[in-house]
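Residues per chain are reported as follows:
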Amino acid sequence: MKDNEIPRYHSRKGAERAIDDADTIWEIIGKAKYVTLSMVTEEGEPYCIAISHGYDREKNCLYFHTGFEGKKISALKANPRVCAFVLDDEGYVYGRCHHEYRSVICYGTIHEIEGREAKLDALKTMFCCLEETVPDAENAMRARKLDDMPLTNVNMLRMDIDGFSGKISSHRK
């Protein structure tokens with residue numbers, strides 16, 4: 001999918017509030033420190049979690065660090081199709097019964113990242129995103145000595161994004 005092609009998965013009430021600009025979509029994703037990842041369990045039950053993430057706009061994906069087993073992993077193995085909800089919450093407007101926000105839903109497929117170098121790249125991308133406000137984040141990562149770690153006990157997931165849906169509160173546009 002190209003940046004300027006943001007497919008719609010459903011018609012939406014309030015289409016004038018749609019965010020159609022890829023730069024704005026990625027700005028919202030980059031501003032968030034976590035997403036709500038929604039999936040379906042093996043039993044067909046909805047399941048969602050808040051999880052920190054990193055992103056790579058060029059590869060059109062999100063990265064997640066997680067354990068090797070548990071309800072989330074079982075659900076993702078049964079059905080790797082997911083959506084991730086991102087909220088840029090600007091707060092409640094007192095006296096107006098209104099909330100200011102921008103939101104994005106990313107649709108895609110989760111893949112477990114295989115191989116040490118691929119895991120290392122994903123982990124570094126995630127750290128850079130999460131620690132972008134840390135002075136000298138690159139050196140802070142080097143201090144962790146990631147390059148020297150075997151990473152056999154690290155599980156990284158990649159969500160390949162195949163579509164977005166963005167929305168802005170009615171009073172912001």
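Computed from a predicted structure; not experimentally measured.

**Some details on the overall build of the protein**
- In terms of regular secondary structure, the protein is built from four helices and eight strands.
- Secondary structure elements of the protein occur, N-terminal to C-terminal, as β-α-β-β-β-β-α-β-β-α-α-β.
- As presented, the protein carries roughly 9700 Å² of accessible surface, and 51% of it is formed by carbon and sulfur atoms.

**Remarks on the environment of A50**
- The residue A50 is located in strand β3 (residues 46–52) in this model.
- Taking the C-alpha atoms as reference, A50 lies 6.3 Å from L37; in sequence the two are 13 residues apart.
- Apart from the residues lying within four places of it in its own chain, the contact partners of A50 are Y34, V35 and T36.

**Considerations on the pattern of salt bridges**
- Counted according to the given criterion, the structure contains eight salt bridges.
- With its nearest N and O atoms 3.0 Å apart, the salt bridge here joins R102 to E27. Within this pair, whereas R102 is found in strand β7 (residues 98–112), its partner E27 is found in helix α1 (residues 22–31), the two being separated by 75 residues in sequence.
- Across the salt bridge formed by E90 and K31, the nearest N and O atoms sit 3.9 Å from each other. Here E90, found in strand β6 (residues 81–93), pairs with K31, found in helix α1; they are 59 residues apart in sequence, far enough to count as distant.
- Here K31 falls in the partly exposed class, since its relative accessible area comes to 49%.
- Residues joined by salt bridges that share partners form a network here, namely E27, K31, D88, E90 and R102.

**Remarks on the nonpolar core**
- Core analysis: the biggest nonpolar cluster contains 27 residues, and I29, L37, F64 and M159 have the highest contact counts within it.
- Where this core is concerned, the elements lending two or more residues are α1, β2 (34–40), β3, β5 (61–66), α2 (71–78), β6, β7 and β8 (155–168).
- For this core, the leading source of residues is β8, giving five residues.
- Excluding residues within four positions of it along the chain, I29 makes contact with H53, Y55, L62, V86, V104, C106 and F164.

**Notes on α1**
- Considered for burial, the residues of α1 that qualify are A22, I25, W26, I28, I29 and G30.
- Buried residues along α1 sit against β1 (18–19), β4 (54–56), β5, β6, β7 and β8.

**Considering the pairing of β7**
- The buried fraction of β7 amounts to 11 of the 15 residues, a majority that puts the element mostly inside the structure.
- In terms of strand pairing, β6 meets β7 through 12 bridges, oriented antiparallel. By the bridge assignment, R81 is partnered in β7 with T109.
- Where β6 folds back onto β7 in an antiparallel hairpin, the turn is made up of four residues, including G95, whose phi is positive at roughly 80°.

**Regarding the packing of aromatic side chains**
- Applying the stated rule across the entire model yields two aromatic pairs.
- An aromatic cluster is defined as three or more aromatic residues linked by ring pairs; in this entry it consists of W26, Y55 and F164.

**A word on the confidence of the model for the protein**
- On average, residues of the protein score 84 in pLDDT, and 80% of them reach the 70 mark or higher.
- The element-level mean pLDDT for the protein is lowest in helix α4 (residues 137–143), coming to 58, with β2 highest at 97.

**Observations regarding the pairing of β3**
- When β2 meets β3, the two strands line up antiparallel, connected through seven bridges. Residue pairing across strands places T36 opposite A50, the latter belonging to β3.
- Hairpin connection between β2 and β3: a loop of five residues separates the two successive antiparallel strands, and G44 in this loop has a positive phi of roughly 85°.

Scoring rules and cut-offs
- Residues numbered from 1 in each chain as written.
- Predicted model: local features only at pLDDT ≥ 70, side-chain atom pairs only at ≥ 80, totals over all residues.
- Heavy atoms only, no water.
- Helix = DSSP H or I, 4+ residues; strand = E, 2+ residues; numbered from the N terminus.
- Areas by Shrake-Rupley, 256 points an atom, 1.4 Å probe, with all protein chains shown as cover.
- Contact = heavy atoms within 4.5 Å.
- Salt bridge = Lys/Arg side-chain N within 4 Å of Asp/Glu carboxyl O.
- Buried < 20%, exposed > 50% of the residue type's maximum accessible area, 1.4 Å probe, protein only.
- Core = buried A, V, L, I, M, F, W, Y, C linked by side-chain atoms within 4.5 Å.
- Pairing = 2+ DSSP bridges.
- Phe/Tyr/Trp six-rings, centres within 6.5 Å; stacked < 30°, edge-to-face > 60°.
- pLDDT = per-residue confidence, 0-100.

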